[in-house]
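Here is how the chains run, residue by residue.
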Amino acid sequence: MQCIAAEQIDIAYEATLIVKKLDLNIPRGQITSIIGPNGCGKSTVLKALGRLLKTKNGTVYLNGADIRALPTKEVAKQMAILPQTPTAPSGLTVGQLVAYGRFPHQRGFGKLTKEDNQIVAWALTVTKLTEFEHREVDTLSGGQRQRVWIAMALAQQTDLILLDEPTTYLDLAHQLEVLELLYELNRSQQVTIVMVLHDLNLAARFSDYMVAIREGQVVERGTPERVMTAQTLREVFAIDADIMLEPRTGRPVYVTYQLLRESKTQQQAKKMVMAT
């Protein structure tokens, strides 16, 4: 069963159509990664799913309802969105930022209730940030800051979190730290995770479901074993990759790759076309 789905959506920036007639179903309770080359439309699709971008045509459904018809607060109660490289106001503490996640549930003047404070404390505990509660966010490392944003999303108490390239600018250790946290949240809290990732091996390692996009169209979707194949990487990234199963996880990874080279027959055919 899907928790969020796109049906025949068109997405355009001004007059330029980026995504055309796209259908996409995100499985509930799983980790889904959207992969593809730069400029292919993967972040655009994520923003449309999160209602950060309006679709030109088609419909996005959130738990069966047209997302455009839902009040903003209702959407925020069902879905949390973390954009690429979010920034916090200077001087804001970790606890204050995480408490912002309670906004969709607040009434009146927005004062935190006892329940709100308990949920913020829980989110800090789950993300291992309790000791940093009174630290200013901008004094933390990149990996720690990402954990703070994830804690804020958890404080929203949604069943769905969308993340646009959550490992951008992080070193290898912090990338693993963030993705292992998301994996644990999915397994222990049954939170549905949808993220755009550049690193294909990390996507295959931590995902239950993958969607490969090229030029605004889905080329392949399914388990990592179905998507991480030499054929799919040829179609999506125009690379010739060697795939193997990683011994620690049993997931497919590429171990080496090169740009696809045209055969002499293809080169000759191009010359013939140009000559006519």
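- Looking at an unreviewed UniProt entry, the protein chain carries the name ABC transporter ATP-binding protein, with the source organism given as Cohnella cellulosilytica.
- Under the Subcellular location (unreviewed entry) heading, UniProt states for the protein chain: "Cell membrane".

Thoughts on helix α4 (residues 114-126)
1) Next: In this model, α4 (13 residues) spans 18 Å end to end at C-alpha, consistent with the 18 Å of a helix rising 1.5 Å per residue.
2) Next: Those residues of α4 that sit buried are Asp-116, Ile-119, Val-120, Ala-123 and Leu-124. Across the axial projection of α4, the buried residues extend over an arc of 140°, all falling on one side. Every exposed residue of α4 that faces more than 90 degrees away from the buried side is listed here: Lys-114 and Thr-125.
3) Next: Where the residues of α4 are buried, they touch α3 (94-99) and α5 (142-155).
4) Next: Once α4 finishes, Lys-128 follows within two positions and takes phi at roughly 60°, a positive value.

Examining the sheet that holds strand β3 (residues 31-35)
1) Next: Pairing is mixed across the open sheet formed by six strands, whose spatial order is β6-β7-β8-β3-β9-β10. In the strand order of this sheet, the two ends are held by β6 (80-82) and β10 (217-222), each with one partner. The mean inter-strand angle of the sheet, taken between neighbouring strand axes irrespective of direction, is 15°.
2) Next: Judged from the three bridges that link them, β6 and strand β7 (residues 160-164) form a sheet pairing that is parallel. Note that in β7 the partner of Ile-81 across the bridge is Leu-162.
3) Next: Each of β6 and β7 touches α5; the most contacted strand, β6, lies at about 165° to it.

Let's talk about the packing of aromatic side chains
Centre-to-centre distance and the angle between the planes together describe a pair of aromatic rings.
1) Next: Following the criterion strictly, the structure yields two aromatic pairs and no others.
2) Next: Of note, Lys-73 hangs over the ring of Phe-103, and the distance from its end group to the ring centre comes to 5.0 Å.

Focus on the packing of α5 against helix α6 (residues 172-189)
1) Next: Taken N-terminus to C-terminus, the directions of α5 and α6 make an angle of 20°; their axes are 9 Å apart at the nearest point. Taken together, the axes of α5 and α6 are roughly parallel relative to one another. Our pair here, α5 against α6, has a crossing hand that is right-handed. Packed against α5, whose contacting residues are Gly-143, Gln-144, Gln-146, Arg-147, Ile-150 and Leu-154, the element α6 presents His-174, Glu-177, Val-178, Leu-181, Leu-182 and Leu-185 at the interface.
2) Next: Considered class by class, the residues forming the contact of α5 with α6 number six nonpolar, four polar and two charged.

Some words on the pattern of salt bridges
1) Next: Scanning the entire structure with this criterion turns up seven salt bridges.
2) Next: The partner of Lys-21 in a salt bridge is Asp-10, with the nearest N and O atoms 3.9 Å apart. Of the two residues, Lys-21 is situated in strand β2 (residues 16-27) and Asp-10 in strand β1 (residues 2-13); the sequence distance between them amounts to 11 residues.
3) Next: A residue is classified by how much of its surface remains accessible, and Asp-10, at 5% relative accessible area, is buried.

About the criteria used
- Residues numbered from 1 in each chain as written.
- Predicted model: local features only at pLDDT ≥ 70, side-chain atom pairs only at ≥ 80, totals over all residues.
- Heavy atoms only, no water.
- UniProt positions renumbered as here; feature names shortened; annotations may be inferred.
- Helix = DSSP H or I, 4+ residues; strand = E, 2+ residues; numbered from the N terminus.
- Expected span 1.5 Å × (residues − 1).
- Buried < 20%, exposed > 50% of the residue type's maximum accessible area, 1.4 Å probe, protein only.
- Arc of directions from axis to C-beta.
- Contact = heavy atoms within 4.5 Å.
- Pairing = 2+ DSSP bridges.
- Axes fitted to C-alpha atoms, helices over the stretch in contact; angles between N-to-C directions.
- Phe/Tyr/Trp six-rings, centres within 6.5 Å; stacked < 30°, edge-to-face > 60°.
- Lys NZ or Arg CZ within 6 Å of the ring centre and 35° of its normal.
- Parallel < 35°, antiparallel > 145°, perpendicular 65-115°, else oblique.
- Left-handed = near helix turned anticlockwise from the far one by under 90°.
- Nonpolar A, V, L, I, M, F, W, Y, C, P; charged D, E, K, R; others polar.
- Salt bridge = Lys/Arg side-chain N within 4 Å of Asp/Glu carboxyl O.

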